[in-house]
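Chain and residue survey
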There are 2 protein chains.
Amino acid sequence: MILKAAETVFAEAGFGGATMQLIADMAGLPKANLHYYFATKEALYRAVVERIFRIWLTAANVMDDAAGPAEGIGAYIDAKLEISRRHANGSKVWASEVMHGAPVIQDYLETTLRDWTAGRAAVIRRWIAEGKMAEVNPEHLLYMLWASTQHYADFGHQIEVLNGGPLSEADWTAAKASVKEIILRGIGALPPS
Amino acid sequence: MILKAAETVFAEAGFGGATMQLIADMAGLPKANLHYYFATKEALYRAVVERIFRIWLTAANVMDDAAGPAEGIGAYIDAKLEISRRHANGSKVWASEVMHGAPVIQDYLETTLRDWTAGRAAVIRRWIAEGKMAEVNPEHLLYMLWASTQHYADFGHQIEVLNGGPLSEADWTAAKASVKEIILRGIGALPPS
DNA sequence: CCTCAACCTGACCATACGGTCAGAAAAAGA
DNA sequence: TCTTTTTCTGACCGTATGGTCAGGTTGAGG
């Protein structure tokens, strides 16, 4: 799987640090063959980023058919942390792309992501109006959800060092519980303990 | 200022994408002169990263002499968001470094950062024991603090696109208020609204 | 068995990059 | 002023990289 190999190399070395030779080696085929499927390094990179963005958006729909914030946002946190765990490399490539000014997926940000964000912000506003949660700024809440979940992928190395090794099953469970507990209580969607 | 120029270029292009020529141009001196002050690209990069780490640690001390979590963690959030605003490039370079496995500052993670983290986790545990906040996992709380504050620097581009332009003074104030409100209420350090 | 298109590959090329170096300016001492 | 040390610079070099290309291999259709 070329895309898988490319994702790994791009995540580990960044776009500039990645070489077609490295990707080819990891995918187990000669470099020239890569150029048969992807004309340029940028084309391959774009394919990787778009693949991640799709996963990202798909998983985001768990928030849709939820009765209230505790259920909807809770499920969203679980889903995003699961992505951080299963697709850590993808998350890193995405983070890298955005950090460098989104040279490749600027249009996605301005269309798909902007629409998605506006939609979910509206849902949150509705929940607030229905008295199901505190009056928090929906956009900043969304940023916080993204930040605290993706952090486990993007800064996974740092977390592993501080944790003294890779996160165990129990560690991941604790992470999910902690993030959900703090945020849900923080937005007044949980009874205060 | 060479370090300033290097920080900008490394932040915008990543280590692999940055070139000594670009940094030299931005600093306004010939490339060969860069190599007079910094023998290799890696040496320059290391200097940039270490500079950021110092800022990062220094600002972290606001949490020290605080009576309780509302005050201490609140001040820490303010300080870290201020860093995200004033040193966005530095934050990006740090994020990039960690994301790629911390090839240069691995030792810092294992010594200074690990010690700092353990110390602050102890403070949080004390606050919990004193009944000043809810029983949350201190480590995961710290990760959440880092994530939700640094996000405004590392993903600043994405936020600006969604915001329809750079964050205004009021936007930054709202960001600080939102993050503090949700987290402080989330850890039971604020009266529930 | 032949044809043709899709798939694959070793060898090659132009370029851009990190780094070097001999020596010029400039500054600091005497 | 002369000497020495530090700072600076244009020109240059070896290498690694993205990309090309002519030709080989494979396999489905007839």
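What you see is a predicted model, and the numbers here were worked out from it, not measured in a lab.

Secondary structure summary: chain A contains ten helices and zero strands in total. The secondary structure elements of chain A, listed N-terminal to C-terminal, are α-α-α-α-α-α-α-α-α-α. If you line up chain A on its principal axes, its C-alpha atoms span 60 × 40 × 25 Å. Within the span of chain A, comprising 193 residues, buried residues form 54% of the whole. In chain A, the share of contacts with a sequence separation of at least 24, taken over all contacts with a separation of at least 6, comes to 67%.

Listed per partner, the contact involves 58 residues of chain B and 58 residues of chain A. In total, about 4,600 Å² of surface goes out of reach between chain B and chain A, with carbon and sulfur atoms giving 67% of it. Summed over the shared surface of chain B and chain A, the number is zero salt bridges. The tally of links from chain B across to chain A stands at ten residue pairs in polar contact (both at pLDDT 80 or more). At the level of secondary structure, the elements contributing two or more residues to the side of chain B that touches chain A comprise helix H1 (2–17), helix H6 (88–99), helix H7 (106–129), helix H8 (138–154), helix H9 (156–163) and helix H10 (169–186) of chain B.

Take the protein's contact with DNA strand D next. Of all residues adjacent to DNA strand D, which total 13 residues, the nearest are A:Lys31, A:Lys41, B:Ala32, B:Tyr36 and B:Tyr37. Sugar and phosphate atoms represent 57% of those atoms of DNA strand D found within 4 Å of the protein. A distance of 2.6 Å separates a phosphate oxygen of DNA strand D from a polar backbone atom of A:Lys41. Mapped onto the surface near DNA strand D, the elements with two or more residues apiece are helix H3 (31–37) of chain A together with helix H3 (31–37) of chain B. Considering each element in turn, the surface near DNA strand D owes the most residues, four residues, to H3(B). Residues of the surface near DNA strand D, tallied by class, amount to seven nonpolar, four polar and two charged.

Tallying each qualifying case throughout the model produces four cavities of 30 Å³ or more. Taken as a whole, the largest cavity holds about 100 Å³ of empty space. Forming the walls of the largest cavity are B:Glu7, B:Ile52, B:Ile55, B:Trp56, B:Lys80, B:Ile83, B:Ser84, B:His87, B:Gly90, B:Ser91, B:Trp94 and B:Gln150. When residues of the lining of the largest cavity are traced back to their parent elements, those giving at least two are helix H4 (41–59), helix H5 (69–86) and H6 of chain B. Per-class residue counts for the lining of the largest cavity are five nonpolar, five polar and two charged. If you add up the space inside the second largest cavity, you get close to 80 Å³. Every residue along the wall of the second largest cavity is listed here: A:Trp146, A:Ala147, A:Gln150, A:His151, A:Asp154, A:Phe155, B:Ala147, B:Gln150, B:His151, B:Asp154 and B:Phe155. When residues of the lining of the second largest cavity are assigned to their parent elements, the largest contribution, five residues, is made by helix H8 (residues 138–154) of chain A. Taken together, the residues that form the lining of the second largest cavity break down as five nonpolar, four polar and two charged.

Our next topic: the protein's contact with DNA strand C. Close to DNA strand C lie 13 residues; A:Ala32, A:Tyr36, A:Tyr37, B:Lys31 and B:Lys41 are nearest. Take the atoms of DNA strand C that sit within 4 Å of the protein: sugar and phosphate atoms are 59% of them. Take A:Tyr36: an N or O atom from its side chain is 2.7 Å from a phosphate oxygen of DNA strand C. Take B:Lys41: an N or O atom from its main chain is 2.6 Å from a phosphate oxygen of DNA strand C. Of all the secondary structure elements, the ones that give two or more residues to the surface near DNA strand C are H3 of chain A together with H3 of chain B. The class makeup of the residues in the surface near DNA strand C is seven nonpolar, four polar and two charged.

Residue and element names in this part refer to chain B. Over its twelve residues, H6 runs 16 Å from end to end, which matches the ideal 16 Å to within 8%, given 1.5 Å per residue. Within H6, ten of the twelve residues are buried, which leaves the element mostly enclosed by the surrounding structure. Buried within H6 are the following residues: Gly90, Ser91, Lys92, Val93, Trp94, Ala95, Ser96, Glu97, Val98 and Met99. Once H6 finishes, Gly101 follows within two positions and takes phi at roughly 90 degrees, a positive value.

On to the UniProt feature "domain: HTH tetR-type" (unreviewed entry) in chain A, then. Mapped onto this numbering, the UniProt entry annotates "domain: HTH tetR-type" (unreviewed entry) at residues 1–56 of chain A. Between the C-alpha atoms that bound residues 1–56 of chain A there is a distance of 20 Å. The span itself is 84% helix and 0% strand.

Now for the relation of the copies chain B and chain A. In this structure, two copies of a chain are linked by a rotation about an axis accompanied by a shift along it. For the pair chain B and chain A, the best superposition has an RMSD of 0.0 Å and corresponds to a rotation of 180 degrees with a translation of 0.0 Å parallel to the axis. What the superposition gives is, in effect, a two-fold axis relating one chain to the other. Taking the C-alpha atom as reference, chain B places B:Gly186 closest to the rotation axis, 1.8 Å from it. A shared binding surface is used by both copies, with 100% of the interface residues of chain B retained as interface residues in chain A.

Calculation notes
The written sequence of each chain sets the order in which its residues are numbered from 1. All chains are assigned letters beginning at A, and all ligands numbers beginning at 1, according to the order in which they are written. Per-residue local features are limited, in this predicted model, to residues with pLDDT of at least 70; the limit for side-chain atom pairs, both in listing and counting, is 80 or more; totals at the level of whole chains, interfaces and linings are taken over all residues. To get the side-chain values, all heavy atoms of the structure are used, and hydrogens and water are removed first. Strands here are runs of E lasting at least two residues and helices are runs of H or I lasting at least four, both read from the DSSP assignment and numbered beginning at the N terminus. The buried label goes to any residue with under 20% of its type's maximum accessible area, the exposed label to any with over 50%, and the partly exposed label to all in between, with areas taken from a 1.4 Å probe on protein chains only. In what follows, residue pairs with any heavy atoms lying within 4.5 Å of each other are defined as contacts. Defined here as a combined quantity, buried area equals the accessible surface (1.4 Å probe) lost by two parts on assembly, summed across both. When a carboxyl oxygen of Asp or Glu lies within 4 Å of a side-chain nitrogen of Lys or Arg, that pair is called a salt bridge. Nitrogen and oxygen atoms within 3.5 Å of one another constitute a polar contact, given that in protein one can donate a hydrogen and the other can accept it, and given that sequence-neighbouring residues count only through two side-chain atoms. Being near a molecule or strand, for a residue, means having at least one of its heavy atoms within 4 Å of it. Classification convention: Asp, Glu, Lys, Arg as charged; Ala, Val, Leu, Ile, Met, Phe, Trp, Tyr, Cys, Pro as nonpolar; all other residues, Gly among them, as polar. Think of a 1 Å grid over just the protein atoms. A cavity is a set of points where a 1.4 Å probe fits yet cannot get out, a pocket is an open set with protein on both sides within 12 Å along at least five of seven lines, and lining residues have an atom within 4 Å of a point. Grid points are joined across faces, edges and corners, and a volume is the space filled by probe spheres set on the points. To estimate the expected span of a helix, subtract one from its residue number and multiply by 1.5 Å. UniProt positions are given in the numbering used here, feature names are shortened, and annotations may be inferred rather than shown by experiment. The superposition of copies rests on a least-squares fit of C-alpha positions from residues with pLDDT of 70 or more in both.

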